[in-house]
Amino acid sequence: MPMYQNGEIDPAVKALEARQDEIMRKLYELKAAVEGLAKTVTTPDADLDLTVSSSLSSPSPSSTTFKSTADLDTLLGKDLGALRDIVINANPARPPLTLLVLHGLLCQRYRVLSTVHVHSSVSGVPPQLLSCLGPRHADSYVRQRFQLGFTLIWKDVPKLQMKFSVQNMCPIEGEANVARFFYRLLAPYPSDPALATLVDSWVDTAFFQLVEGSAKERATVLRALNASLGRDPWLAGPELSLADIACYCCVLQGGSASSVPANVQRWLKACENLGHFSPAELLLQ
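Residues numbered from 1 in each chain as written. Predicted model: local features only at pLDDT ≥ 70, side-chain atom pairs only at ≥ 80, totals over all residues. Heavy atoms only, no water.

(A) Just the pattern of salt bridges, in detail. One pass over the structure, following the stated rule, counts 2 salt bridges. A salt bridge links Arg180 to Asp200; its shortest N-O distance comes to 2.7 Å. With Arg180 in helix H5 (residues 175–186) and Asp200 in helix H6 (residues 193–211), this pair connects stretches of sequence that are 20 residues apart. Judged by its relative accessible area of 25%, Asp200 falls in the partly exposed class. A salt bridge links Asp204 to Arg180; the shortest N-O distance between them is 2.9 Å. Here Asp204, found in helix H6, pairs with Arg180, found in helix H5; they are 24 residues apart in sequence, far enough to count as distant. Owing to a relative accessible area of 29%, Asp204 belongs among the partly exposed residues under this scheme. (Salt bridge = Lys/Arg side-chain N within 4 Å of Asp/Glu carboxyl O. Helix = DSSP H or I, 4+ residues; strand = E, 2+ residues; numbered from the N terminus. Buried < 20%, exposed > 50% of the residue type's maximum accessible area, 1.4 Å probe, protein only.)

(B) Region of the structure containing the pairing of strand E5 (residues 112–119). Burial analysis of E5 places 8 of its 8 residues in the buried class, which makes it a mostly covered element. Of the two faces of E5, the one carrying Val112, Ser114, Val116 and Val118 and the one carrying Leu113, Thr115, His117 and His119 are both buried. With 7 bridges joining them, E5 and strand E6 (residues 148–154) adopt parallel strand pairing. Residue pairing in the sheet places Val112 in a bridge with Leu148 of E6. (Pairing = 2+ DSSP bridges.)

(C) Structural view of the nonpolar core. By size, the foremost hydrophobic cluster in this structure holds 72 residues, and its most contacted members are Ile86, Ile88, Leu102, Phe182, Leu185, Leu225 and Trp267. When residues no more than four places from it in sequence are discounted, the contact partners of Leu102 are Ala179, Phe182, Tyr183, Leu186, Leu242 and Ile245. (Core = buried A, V, L, I, M, F, W, Y, C linked by side-chain atoms within 4.5 Å. Contact = heavy atoms within 4.5 Å.)

(D) A look at the environment of His117. With respect to the element layout, His117 can be found in strand E5. We classify His117 as buried; its relative accessible area is 8%.

(E) Region of interest: helix H8 (residues 242–253). Here H8 contains 12 residues, and its C-alpha end-to-end distance of 16 Å stays within 8% of the 16 Å for a straight helix at 1.5 Å per residue. In terms of burial, H8 is a largely internal element, 11 of the 12 residues being buried. For H8, the full list of buried residues reads Leu242, Ala243, Asp244, Ile245, Ala246, Cys247, Tyr248, Cys249, Cys250, Val251 and Leu252. For H8, the secondary structure elements touched by its buried residues are helix H3 (97–109), H5, H6, helix H7 (215–231), helix H9 (262–274) and helix H10 (278–284). After H8 finishes, the residue Gly255 shows a positive phi value of roughly 75°. (Expected span 1.5 Å × (residues − 1).)

In short, geometric facts, not functional conclusions.
Okay, here's the thing in structure tokens:
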């Protein structure tokens, strides 16, 4: 069959090309859907002993602290039928309180399918860690109903790890770095470089000095917090930010919440009144 008629592509050839394009598009969508479906029975770093908990979370009708809505397609890539599943490996000896708080905020913003697994490298995980992402639901859901997957695997790892695209990215390591990733799904970082640097500085201070530092370092950080909170109600800007979330969780994790200076006590109470920190508080009870 000739491809050209009177110098133009034969309509039959055009129709064949269009049909081929449509077939390729459907195959690509099918591939994405199969990859998403595969995650219902396996996750990266498999060898999982037990799927402990699956919870379905829908956006809350109540208002949250964060005013702007992040565009998941821009941040994570276009949804092509497979659930965008974020997988976290965390050591149960060091529960990531900051990520549990951010998970709760994500559930207020997006439709999140949350799942907890236990890896064979750990045993005797406490019940509160098995239910830390919410109540258990029957596994009768359809993954395509959700915008985001949040898969937490309790595993014997030296440092918290996160993967989003299993095939195309190295893991992000460290709770501070993963917290920054999740926060960008809620709100943009400050456009002012000085303010953005201030947020990052407090986040690093929280994890490296409040949690991992000596008693002298922790005391120094608490004095710095007290001085900053004597000038402003929040640590970076006019409202709650990642700096407040990280520092709050690290103060709680350090066990010094009852003996902090007056301004820090007032700030802790203001954080509690927002209601965002209950996942971290429940885990420490």
